[in-house]
Amino acid sequence: MTEWFNDIMTHCSGGGCHSTVNELKRLKVISLFGYGLFHLVLSLIPPSLLKIFNMLGFEGNRYIGLSSLKIVCKVNMDFRSLLASVVLLSYNLVLRPAFSREQQYI
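These figures come from a predicted structure and were not determined experimentally.

J.: Explain the overall build of the protein to me, please; I cannot follow it from the model alone.
T.: Of the regular secondary structure elements, the protein holds five helices and zero strands. Each helix and strand of the protein, ordered N terminal to C terminal, gives the series α-α-α-α-α. Residues classed as buried in the protein amount to 22% of the 106 residues present. A separation of at least 24 residues holds for 49% of the contacts in the protein among residues at least 6 apart in sequence. Total accessible area computed for the protein in this model is approximately 7,700 Å², and 63% of it derives from carbon and sulfur atoms.

As structure tokens, this is what we get:
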């Protein structure tokens, strides 16, 4: 995903494309936030509904979602990084303990 971004960054490192580089960085952060949130939400769907999403071609990977959101938190200090940190905090403090309690009683 980042190969095209790195190619453009090296091409524009001469100083002629300053606004393009900033716009591409912003686009990368926006897409990583959406990609990570999509994977995290899709991985939390119950297995009965997940079969429907799998038939449509969607698959959720919790590890990819969490790592994408962590990258967004580290890269930028804007509103999206704040939202990504809130999503990670709510996942780690609310959802993960709730799911672990449910699995104990099953």
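We are not done yet, so read on.
J.: For this particular structure, what's the right way to read the environment of Ser43?
T.: Checked against the element boundaries, Ser43 lands in helix 2 (residues 18-43). Through-space distance from the C-alpha of Ser43 to that of Arg62 is 5.5 Å; in sequence the pair is 19 residues apart. For Ser43, the contacting residues outside a window of four places in its chain are Gly60, Asn61 and Arg62. Engagement of the side chain of Ser43 in a polar contact is seen with the backbone oxygen of Leu40, the distance being 2.8 Å.

J.: Can you help me understand the nonpolar core in this one?
T.: The tendency in soluble globular proteins is for nonpolar side chains to be buried side by side. Core analysis: the largest hydrophobic core is formed by 11 residues, namely Val29, Leu32, Phe33, Leu40, Leu66, Leu69, Val72, Ala84, Val87, Leu88 and Tyr91. Those elements that place two or more of their residues in this core are helix 2, helix 4 (62-75) and helix 5 (79-105). In contact with Val87, other than residues within four places in its own chain, are Leu37, Leu40 and Leu69.

J.: Looking at this structure, I do not really get the packing of aromatic side chains. What am I missing?
T.: The tally for this structure, following the rule as stated, stands at one aromatic pair. A ring pair is formed by Phe38 and Phe58, whose centres lie 5.7 Å apart and whose planes are at 70°; its orientation type is edge-to-face. Note that Phe38 is positioned in helix 2 and Phe58 in the loop between helix 3 (47-55) and helix 4, a separation of 20 residues in sequence. Judged by its relative accessible area of 39%, Phe38 falls in the partly exposed class.

J.: Could you clarify how one ought to interpret a nonpolar patch on the surface in this entry?
T.: A contiguous nonpolar surface patch, about 550 Å² in accessible area, is contributed by Phe38, Leu49, Ile52, Phe53, Leu56 and Phe58. The element that contributes the greatest number of residues to the nonpolar patch is helix 3, accounting for three residues.

About the criteria used
Residues numbered from 1 in each chain as written. Predicted model: local features only at pLDDT ≥ 70, side-chain atom pairs only at ≥ 80, totals over all residues. Heavy atoms only, no water. Helix = DSSP H or I, 4+ residues; strand = E, 2+ residues; numbered from the N terminus. Buried < 20%, exposed > 50% of the residue type's maximum accessible area, 1.4 Å probe, protein only. Contact = heavy atoms within 4.5 Å. Areas by Shrake-Rupley, 256 points an atom, 1.4 Å probe, with all protein chains shown as cover. Polar contact = N/O pair within 3.5 Å; in protein donor to acceptor, adjacent residues only side chain to side chain. Core = buried A, V, L, I, M, F, W, Y, C linked by side-chain atoms within 4.5 Å. Phe/Tyr/Trp six-rings, centres within 6.5 Å; stacked < 30°, edge-to-face > 60°. Patch = residues over 30% accessible without salt bridge, like charges linked within 9 Å, V, L, I, M, F, W, Y side chains within 5 Å. Salt bridge = Lys/Arg side-chain N within 4 Å of Asp/Glu carboxyl O.

These figures capture arrangement, not role.
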